[in-house]
Amino acid sequence: MSTLTSSRITALAGGVGAARFLRGVVRIVPGTDLSVIVNTGDDEEFFGLSVSPDLDTVTYTLANAVDPEKGWGLPQETHRCLAALERYYTDTWFGLGDADLATHLFRTQELRQGQTLSQVTAAIARKWGIEATVLPMSNERVRTVVHTEAGALTFQEYFVKQRSEGQVSKVEFSGIETAQAAPGVVNAIHGADLIILPPSNPIVSIGPILSLPGVRQALRDTPAPVVAISPLVAGKPIKGPADRMLAGLGIEVSSVGVATLYQDFVDTFVLDWQDIEHDPAPRERLEKMGLAVIVTDTVMNDMDKSVALAQTVIEFTHQKRPKAASSFPRRT
Ligand code: FO1
């Protein structure tokens, strides 16, 4: 494995796919070179506890502590507390594990004592021995609202309780109007030598981060390469509702459709082989959009594949480091 010259990498991340990519990154670059800006639109209160699913998924994964099958939560989990709660509540659809509760209890207590989500997240990362910088996208409350025939749902209600059923007609980020990017978020973009969007849902994982003041402009302005890895393989996500959401919102359900959402700031787009196995069009369409295209294996079903994908992306952008911003045709 070649040792890469140290370069500061910033990733914008949502759920399991992003976390799977980041575990590969921290095996080839020092964690101290990595900053991760994490979506908090999925955050929700359960039984009075502040739960941040994407922050916890990234944290547990970078700590090598995540349940390897599920890609979220902790392994060998028990749910005795949740089962006991059924005596008092009926709404116990969100699978809070007993060991996972410790994180939510700590976060809730610290927030109640006046710590910001950034401070609590940094404390949790430190206590899990993580060297990377884990940044919530905002310290203010932003909540993704998914509209389907069943009504206006939180992301977890849509994804877990409704199992992503129903036609998505609209997605909103309630609170985004008054929310600020958390301390360090815009700086993590300006200070990066490489910015990566790992395979995450472009609507509800990357979308909220891009909607915060200053974030999208910083991505447009940076001279650093910005690389997005498609979250769809041959039109399907490995996990999650990205294809259903894109379809419901009238966006082409393909890697090219995802690229159109990022085309004002992304330079390089990573496709899985399966996207062009039967048809070269996706690559040609992306190149016509002015994007450099990497075609590789993006299905990270084990650690070696996470490392290989991270290696491919980082080495490609090292070779193509732009001399000046203009070297990458970018729409603004
Ligand atoms: N995903 C599920 O499909 N079912 C669950 O019951 C569930 C519980 C849960 C509890 C804590 C947590 O941090 C994540 C949890 N997730 C669950 C995953 C979550 O919905 C997201 O997919 C991941 O956090 C990735 O962002």
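Scroll up a little and you will see the structure.
Everything numeric here is computed off the predicted structure, so don't read it as measured data.

(A) Highlighting the pairing of strand β10 (residues 226–229). Across the two faces of β10 the burial is the same, with Val 226 and Ala 228 and Val 227 and Ile 229 all buried. Bridging between β10 and strand β13 (residues 268–272) involves three bridges; their strand directions are parallel. The residue bridging Ile 229 from the neighbouring strand is Val 270, located in β13.

(B) Structural view of the packing of aromatic side chains. Counting across every chain of the model gives seven aromatic pairs. Ring geometry for Tyr 262 versus Phe 265: centroids 5.8 Å apart, planes at 45°, classification tilted. Summarising the burial analysis for this pair, Tyr 262 and Phe 265 share the class buried. Chaining the aromatic ring pairs together yields one cluster made of Phe 46, Trp 93 and Phe 94. In this structure, Lys 70 packs its charged tip against the face of Trp 72, placed 4.0 Å from the ring centre.

(C) View of helix α4 (residues 98–112). Its 15 residues give α4 an end-to-end C-alpha distance of 21 Å, which sits within 8% of 21 Å, the value for a rise of 1.5 Å per residue. Those residues of α4 hidden inside the fold are in contact with β4 (49–51), α2 (53–62), α3 (80–85) and α5 (117–127). After α4 finishes, the residue Gly 114 shows a positive phi value of roughly 100°.

(D) Broad picture of the sheet that holds strand β8 (residues 170–174). Taking strand neighbours across the sheet as the criterion, the three strands line up as β7-β6-β8 in an open arrangement whose pairing is antiparallel. In the strand order of this sheet, the two ends are held by β7 (151–154) and β8, each with one partner. This sheet shows a mean twist of 30° between the axes of neighbouring strands, independent of strand direction. For strand β6 (residues 143–148) and β7, the ladder comprises four bridges, and the chain directions are antiparallel. Of the residues in β7, the one forming a bridge with His 147 is Ala 152. Together, β6 and β8 form the strand contacts of helix α8 (residues 202–210), whose direction differs from that of β8 by roughly 35°.

(E) Representation of the side chain of Asp 56 within the structure. For Asp 56, the position within the fold is in helix α2. With relative accessibility at 6%, the residue Asp 56 sits in the buried group. A polar atom in the side chain of Asp 56 sits 2.3 Å from the side chain of Arg 107. Setting aside residues no more than four positions away along its own chain, Asp 56 makes contact with Asp 100, Thr 103, His 104 and Arg 107.

Thresholds applied
Residues numbered from 1 in each chain as written. Predicted model: local features only at pLDDT ≥ 70, side-chain atom pairs only at ≥ 80, totals over all residues. Heavy atoms only, no water. Buried < 20%, exposed > 50% of the residue type's maximum accessible area, 1.4 Å probe, protein only. Helix = DSSP H or I, 4+ residues; strand = E, 2+ residues; numbered from the N terminus. Pairing = 2+ DSSP bridges. Phe/Tyr/Trp six-rings, centres within 6.5 Å; stacked < 30°, edge-to-face > 60°. Lys NZ or Arg CZ within 6 Å of the ring centre and 35° of its normal. Expected span 1.5 Å × (residues − 1). Contact = heavy atoms within 4.5 Å. Axes fitted to C-alpha atoms, helices over the stretch in contact; angles between N-to-C directions. Polar contact = N/O pair within 3.5 Å; in protein donor to acceptor, adjacent residues only side chain to side chain.

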